[in-house]
Amino acid sequence: IIGIDFSPLMLELAQTKTKKLNLKSPPQWQLMDATQLQFPNENFDIISCGFGIRNIPDFDLTIPKFYNILKSNGILLSSGFLAFLLLRKYFIAR
């Protein structure tokens, strides 16, 4: 599991919470902007963006990158009705 955020403070909070869980295989936390993903194509089974999807400034640039780094049968998860409205054209296109 890899978690990203463009905010160092949010990553620090994530690391603190993760340490408290004492997981055998904790997530890797990386400072990264979702609009400039640095992962190879077809790398992930699942991308989960939660409510943060509504904060992406350029959907037409970013969402295709999400699909590029997903494996061919990969899943993009997001929360809320707003996410559906924002993403529906990409679901239909895929």
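Because the structure is predicted, anything quoted here is derived from the model rather than measured. (Residues numbered from 1 in each chain as written. Predicted model: local features only at pLDDT ≥ 70, side-chain atom pairs only at ≥ 80, totals over all residues. Heavy atoms only, no water.)

1. Description of the nonpolar core
Counting 15 residues, the largest nonpolar core has Ile47, Ile63 and Phe66 as the members making the most contacts within it. Among the elements of the structure, strand E3 (44–48), helix H2 (59–69) and strand E4 (70–77) are those that each provide at least two residues to this core. Every residue in contact with Ile47, bar those within four places of it in the chain, is listed here: Phe66, Ile69, Leu70, Ile75, Leu76 and Leu77. (Core = buried A, V, L, I, M, F, W, Y, C linked by side-chain atoms within 4.5 Å. Buried < 20%, exposed > 50% of the residue type's maximum accessible area, 1.4 Å probe, protein only. Helix = DSSP H or I, 4+ residues; strand = E, 2+ residues; numbered from the N terminus. Contact = heavy atoms within 4.5 Å.)

2. Some points on the packing of aromatic side chains
Applying the stated criterion across every chain, the model contains 1 aromatic pair. Centroid distance Phe39 to Phe44: 4.9 Å. Interplanar angle 90°. Geometry classified as edge-to-face. For Phe39, a relative accessible area of 16% gives the class buried. According to the relative accessible area criterion, Phe44 is buried, its value standing at 16%. (Phe/Tyr/Trp six-rings, centres within 6.5 Å; stacked < 30°, edge-to-face > 60°.)

Note that every value here comes from positions in space, so none of it alone points to a role or purpose.
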